[in-house]
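# Structure assessment
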Amino acid sequence: MTARLRDALRAAAEDVPTYPVYERALATARRDRLRRVGVGAAALVLLAVAGVVVPLTRTPGVDVAAAANAALPDHIALPPIGTLHVTDRPRIGAASVIFDGSAPRLHGWNDVNVVGVVDADSDRYRIMRMGGESLAGRSVHLSPDGRYVARPDSDQDDPGVEVVDLVTGRTQRLRSNVDSSVGSTPVGWSADGRSLVVTDDVPVAFEGATYTTVLSAVTVAGNRWTRLAATAQEAHVGSTVAAAPGRLAYQYGRTVAVTDLAGRELSSFALPDGTWLAGKGAWRPDGTNLTLAARGTTTTEWTLRQVDPASGRDVGPLPLPAVTGVVAVRLLGWAPDGSALVAAYLPDPVAPDLPLEEQSNPPASDQRVRTVRVLALTPGATAPRTVLTAPDQVIAVDVADQVIRNGRVRDARPPGGVGGRFWLWTGLLTVLVTVGLLYASRQRIALWRDDRRVRRARRAGG
């Protein structure tokens, strides 16, 4: 090899760019190590999530202690934004109170109504979305033990009612067996909580110009429907239903009928003017008499009277204070000290008066109401005692019979801020956006990291 050729080869070799073999191998090793660490971290996260989720998928048992300690909160508030649903985990369990109304937080998109649910012995709140109109105590009912909520399913093609189990989160559908029914609505529970009383609307004229209302008792476990009554829709059959062990009393028009759960009518009687079957707690605790709510002819004063369920004979007024200044009262039940707990509907001063043809119907709690309160009418007291208050635009409430029988009222501290669903969706959205940005920038990030490592290696070697 000549000297000229040797010099030319050396010059050509010097012009070839140096390939950082060591630096590239080091970067590749680091990427492999980071990849292994990432896979291990993902596996640990999956194990942690499984450790949380798997126990939550188990069906929780009935908390007997919670039922025994069930108490009425002395006030309720609107559910926080993002409140968990009754079907979300962790389950709320038996409830003490359900409520709804026209407040903004009690409505969703597409005219979805929201029912608030309060835990039996704590201030945990849940919500239940409804596809149509809802009023607690009229079309949505809490079972006597507070475990179940009955609601209409709003399906006109295949009507029925739904029973939501607050302990398990499961929903059972009871499909109507009333021929030609276009809508089913629960109107009450039996005393033992094993049966529902349901009304079905059946059109009897062209294009449904008039309807017949069919009243039925349906067993929740066996889905066995028993017809109790059928009458013209204008009679408002089942507008008020009261249950005693083995018996039901319901009002239609100006008449009260008493039946057993097999559909046999035991008695019926006409109501005096200005009186109505008082509510779901109309049966006296010993089951001997029924309670009527009586409104004064020239005042807004409401009193409770008792009648013989066999004949309707007036047994006389009860030694309870009158309720004044309200649109209507609805008897919820009887406390251990003999107090009658009533839902009192306070008037909205700007609401219009009812048409004359509607003023003789059972008082409707959603037409002229600003808010609702639960009052205790104690024997011998001079005035009612307020045991539960609600915000304005909460116009309907239902209380579990078990809570009323326990006779306890607790100091409530309703939740504030935002609920669990808000944090769930916020966290999920944050993770998705972060992952998306990292994925879109993965090549730039890899090149940037390699360049930094090469520069650090050159500085260390130089």
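This text follows the structure it describes.
Residues numbered from 1 in each chain as written. Predicted model: local features only at pLDDT ≥ 70, side-chain atom pairs only at ≥ 80, totals over all residues. Heavy atoms only, no water.

## A look at the sheet that holds strand S9 (residues 184–189)
Heads up, the condition is: Here, a strand pair is defined by DSSP locating no fewer than two bridges between the strands. Labels follow the DSSP assignment, with helices taken as runs of H or I lasting at least four residues and strands as runs of E lasting at least two, numbered in each case from the N terminus. Only the stretch in contact is used when a helix axis is fitted, and all axes are lines through C-alpha atoms; the angle between N-to-C directions ranges over 0 to 180 degrees.
One open sheet accounts for four strands, arranged S9-S10-S11-S12; its pairing is antiparallel. Lying at the two open borders of the sheet, with one neighbouring strand each, are S9 and strand S12 (225–232). The mean inter-strand angle of the sheet, taken between neighbouring strand axes irrespective of direction, is 25°. Pairing analysis gives five bridges linking S9 to strand S10 (residues 195–203), with the strands arranged antiparallel. Directly across from tryptophan 189, in S10, lies its bridge partner leucine 196.

## Digging into the sheet that holds strand S20 (residues 314–317)
Each strand in a sheet pairs with its neighbour through backbone hydrogen bonds, running either in the same direction (parallel) or in the opposite one (antiparallel). Strand order in the open sheet formed by four strands is S17-S18-S19-S20, with antiparallel pairing between adjacent strands. The sheet terminates laterally at strand S17 (275–277) and S20, the two strands that pair on one side only. Each neighbouring strand pair of the sheet contributes to a mean axis angle of 35°, computed without reference to strand direction. Where strand S18 (residues 290–295) lies against strand S19 (residues 302–307), six bridges are found, and the strand directions are antiparallel. Bridge pairing in S19 links leucine 292 to arginine 305.

## Let's talk about the pattern of salt bridges
Put simply, the rule is: Every case where a carboxyl oxygen of Asp or Glu lies within 4 Å of a side-chain nitrogen of Lys or Arg is listed as a salt bridge. Burial classification: accessible surface area is computed with a 1.4 Å probe over protein chains only, and a residue below 20% of its type maximum counts as buried, one above 50% as exposed, and the rest as partly exposed.
One pass over the structure, following the stated rule, counts 13 salt bridges. Arginine 175 is the salt-bridge partner of aspartate 158, the closest N and O atoms lying 2.6 Å from each other. Taken as a pair, aspartate 158 in the loop between strand S6 (148–152) and strand S7 (160–165) and arginine 175 in strand S8 (residues 171–175) lie far apart in primary sequence, 17 residues in all. The exposure class of aspartate 158 is partly exposed, given its relative accessible area of 26%. Ionic contacts of the salt-bridge type, sharing partners, join the residues Asp153, Asp158, Arg173 and Arg175 into one network.

## Some remarks on a positive patch on the surface
Selection rule: Like charges within 9 Å and nonpolar side chains (Val, Leu, Ile, Met, Phe, Trp, Tyr) within 5 Å are joined into patches, using only residues over 30% in relative accessible area that form no salt bridge. Computed with the Shrake-Rupley method and a 1.4 Å probe, the accessible areas treat only the protein chains shown as cover for residues. Under this rule, positive means Lys or Arg and negative means Asp or Glu; His and the chain ends count for nothing. Just so you know, the charge point we use is NZ for Lys, CZ for Arg, CG for Asp and CD for Glu.
Where like charges cluster on the molecular surface, the positive patch consists of Arg452, Arg455, Arg456 and Arg459. Inspection of the secondary structure puts arginine 452 in helix H6 (residues 442–461).

## With respect to the side chain of arginine 410
Rules: Between N or O atoms, a polar contact is any pair within 3.5 Å; within protein, one atom must be a potential hydrogen donor and the other a potential acceptor, and residues adjacent in sequence are included only when both atoms are from side chains. Note on definitions: a residue-residue contact is assigned when non-hydrogen atoms from the two residues lie within 4.5 Å.
Residue placement: arginine 410 occurs in strand S26 (residues 409–410). Under the relative-accessibility criterion, arginine 410 is labelled buried at 14%. Here aspartate 123 takes part through its side chain, which lies 2.8 Å from a polar atom of the side chain of arginine 410. In contact with arginine 410, other than residues within four places in its own chain, are Ala71, Leu72, Pro73, Asp74, Val118, Asp119, Ala120, Asp121, Ser122 and Asp123.

## Remarks on the nonpolar core
In plain terms, the rule: Among the buried residues, those of types Ala, Val, Leu, Ile, Met, Phe, Trp, Tyr and Cys that are joined through side-chain atoms within 4.5 Å form a nonpolar core.
Ranked by size, the top nonpolar core spans 81 residues in total, and within it Leu72, Phe99, Leu166, Leu290 and Leu304 carry the most contacts. Considering every element that reaches this core, the biggest residue donor is strand S22 (residues 340–347), with seven residues. Beyond its immediate sequence surroundings of up to four residues, leucine 290 is in contact with Ala249, Val256, Val258, Phe269, Leu277, Ala282, Trp283, Arg305, Gln306, Val307 and Pro309. By size, the runner-up hydrophobic cluster in this structure holds eleven residues, among which are Val197, Ala217, Leu228 and Tyr250.

## Section: the pairing of S22
With respect to burial, S22 is a largely interior element, seven of its eight residues being buried. Where strand S21 (residues 328–334) folds back onto S22 in an antiparallel hairpin, the turn is made up of five residues, including glycine 338, whose phi is positive at roughly 90°.

## A few points about the side chain of threonine 226
The residue threonine 226 is located in strand S12 in this model. You can call threonine 226 buried: its relative accessible area is 18%. Contact partners of threonine 226, with chain neighbours within four places excluded, come to Leu215, Ser216, Ala217, Leu261, Ala262 and Gly263.

## Some thoughts on the packing of aromatic side chains
So the rule is basically this: Pairing of aromatic rings covers Phe, Tyr and Trp, the last through its six-membered ring, and needs centres within 6.5 Å; plane angles under 30 degrees mean stacked, over 60 mean edge-to-face, and all others mean tilted. Criterion for a charge above a ring: Arg CZ or Lys NZ at most 6 Å from the ring centre, at most 35 degrees from the ring normal.
Applying the stated criterion to the full structure yields four aromatic pairs. Measuring from centroid to centroid gives 6.4 Å for tyrosine 148 and tryptophan 189, while their planes differ by 35°, and the two rings are tilted. With tyrosine 148 in strand S6 and tryptophan 189 in strand S9, this residue pair connects regions lying 41 residues apart in the sequence. A relative accessible area of 8% places tryptophan 189 in the buried class. With a centroid separation of 6.0 Å and 35° between ring planes, the pair formed by tyrosine 250 and tyrosine 252 is classed as tilted. Since its relative accessible area comes to 2%, tyrosine 250 is described here as buried. We classify tyrosine 252 as partly exposed; its relative accessible area is 24%. Over the face of the ring belonging to tryptophan 276 we find arginine 254, whose NZ or CZ atom lies 5.6 Å from the ring centre.

## Quick word on a nonpolar patch on the surface
Side chains of Ile81, Val418 and Trp423 sit close together on the surface and give an oily, nonpolar patch of about 310 Å² of accessible area. Look at tryptophan 423 and you get exposed, because its relative accessible area is 56%.

## So, unusual backbone geometry
Here the amide bond leading from arginine 89 into proline 90 is cis, since omega sits at 0°, within 30 degrees of zero. Even without being glycine, histidine 236 reaches a positive phi, approximately 55°. Mapped onto the elements, histidine 236 comes out in the loop between S12 and strand S13 (241–244).

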